[in-house]
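# Topology and contacts: notes
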Amino acid sequence: MEWQEIKFWLGRLAAHSPFTYRHSLGVAALALNLAQTCGLETNNCQAIYEGALVHDVGKLTITSSILNKKTPLTPEEWQVIRNHARAGVKLLASTSTNRMVLELVAYHHERWDGRGYNGIKDVHIPLGARIIALADAFEAMTSSRPYQQPRPLTAALKEVEDNAGTQFDPELVPAFFTMILRLLKKNNRLASQRGFEN
């Protein structure tokens, strides 16, 4: 996928829903780190990063009144939300997006137990989509949303652990914890260095 194309879609997303734009950047950073922690080849890590950046581009088709709603969604509104993965594939397919990125966008809401948007389960879900699904859920739990406050890190990690083997690929969860620990150590080290320099 060309970077100019990614920038185009992200620009549209930023104008339509700044929150979704920021969420997409956060998911992409987590997904790339997780793919690297899993030891995936560079080209696969790159495709996962690209797929994560545009995974929610289908939300361009959803009105702000639904995206920013602070009260519970109606069943009809939930159906609109659930259609965003399919809508994203349709939007991206009109450009030069490669097949792997389209698959990641299509299947990023699948669950390990098969109770996701399309009912695909376990290893039949592309690995990149399983990685993005975990990054997506964690970023959503730990960031402010119109309808919820962010969860503390420990609570979010407990949620990931509790859903290993149901929502999330159970083999990805240990790698995810390793990644989070590494990122925390890195951030603490940087914070210490800044404090020392000041």
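In short, a report on the structure. The model shown is predicted, which means the values in this text are computed figures rather than measured ones. (Residues numbered from 1 in each chain as written. Predicted model: local features only at pLDDT ≥ 70, side-chain atom pairs only at ≥ 80, totals over all residues. Heavy atoms only, no water.)

By size, the foremost hydrophobic cluster in this structure holds 42 residues, and its most contacted members are V54, L92, F138, V160 and F176. Elements represented by at least two residues in this core include exactly α1 (3–16), α2 (18–37), α3 (42–53), α7 (99–107), α8 (127–141), α9 (153–162) and α10 (172–197). Looking at which element gives the most residues to this core, the answer is α8, with eight residues. With near-sequence residues (within four places) excluded, L92 lies in contact with M1, E5, W9, V54, V57, T97, L102 and V105. (Core = buried A, V, L, I, M, F, W, Y, C linked by side-chain atoms within 4.5 Å. Buried < 20%, exposed > 50% of the residue type's maximum accessible area, 1.4 Å probe, protein only. Helix = DSSP H or I, 4+ residues; strand = E, 2+ residues; numbered from the N terminus. Contact = heavy atoms within 4.5 Å.)

Here we take up α8. Taking 1.5 Å per residue as the helical rise, α8 with its 15 residues ought to reach 21 Å, and the 21 Å between its terminal C-alpha atoms agrees with that figure. Among the 15 residues in α8, 14 count as buried, and that is most of the element. (Expected span 1.5 Å × (residues − 1).)

Where α1 meets α3, the axes come as close as 10 Å, and the angle between the chain directions of the two elements is 25°. When the axes of α1 and α3 are compared, the pair comes out roughly parallel. Here W3, I6 and L10 of α1 lie close against α3, whose contacting residues are Q46, Y49, E50 and L53. (Axes fitted to C-alpha atoms, helices over the stretch in contact; angles between N-to-C directions. Parallel < 35°, antiparallel > 145°, perpendicular 65-115°, else oblique.)

Let us look at unusual backbone geometry. A positive phi angle, near 35°, is found at D122, a position not held by glycine. Its location among the elements puts D122 in the loop between α7 and α8.

For the structure shown, the criterion picks out three aromatic pairs. Summarising the aromatic geometry, the rings of F138 and F176 are spaced 5.0 Å apart at their centres and angled 70° between planes, so their arrangement reads as edge-to-face. Taken as a pair, F138 in helix α8 and F176 in helix α10 lie far apart in primary sequence, 38 residues in all. (Phe/Tyr/Trp six-rings, centres within 6.5 Å; stacked < 30°, edge-to-face > 60°.)

So, on to the environment of L13. On the secondary structure map, L13 appears in helix α1. Setting aside its immediate chain neighbours within four residues, L13 contacts P18, T20, Y21, S24, D56, V57 and L60.

Relative to the elements of secondary structure, N33 occurs in helix α2. In terms of polar contacts, N33 uses its side chain to reach the side chain of R182, at 3.2 Å. Look past the residues within four positions of N33 in its chain and what remains in contact with it is M179, R182 and L183. (Polar contact = N/O pair within 3.5 Å; in protein donor to acceptor, adjacent residues only side chain to side chain.)

A word on the pattern of salt bridges. Tallied over the full model, the rule gives eight salt bridges. The salt bridge partner of D56 is K59, with a shortest N-O separation of 3.5 Å. Each of the two residues, D56 as well as K59, counts as buried. Note that E103 is salt-bridged to R99, the shortest N-O span being 3.6 Å. Placement of both E103 and R99 in helix α7 is noted, with a separation of four residues, approximately one turn of the helix. Overlapping salt bridges bring together R111, D113 and R115 as one network. (Salt bridge = Lys/Arg side-chain N within 4 Å of Asp/Glu carboxyl O.)

Such coordinate-based values are descriptive only and should not be taken to indicate function.
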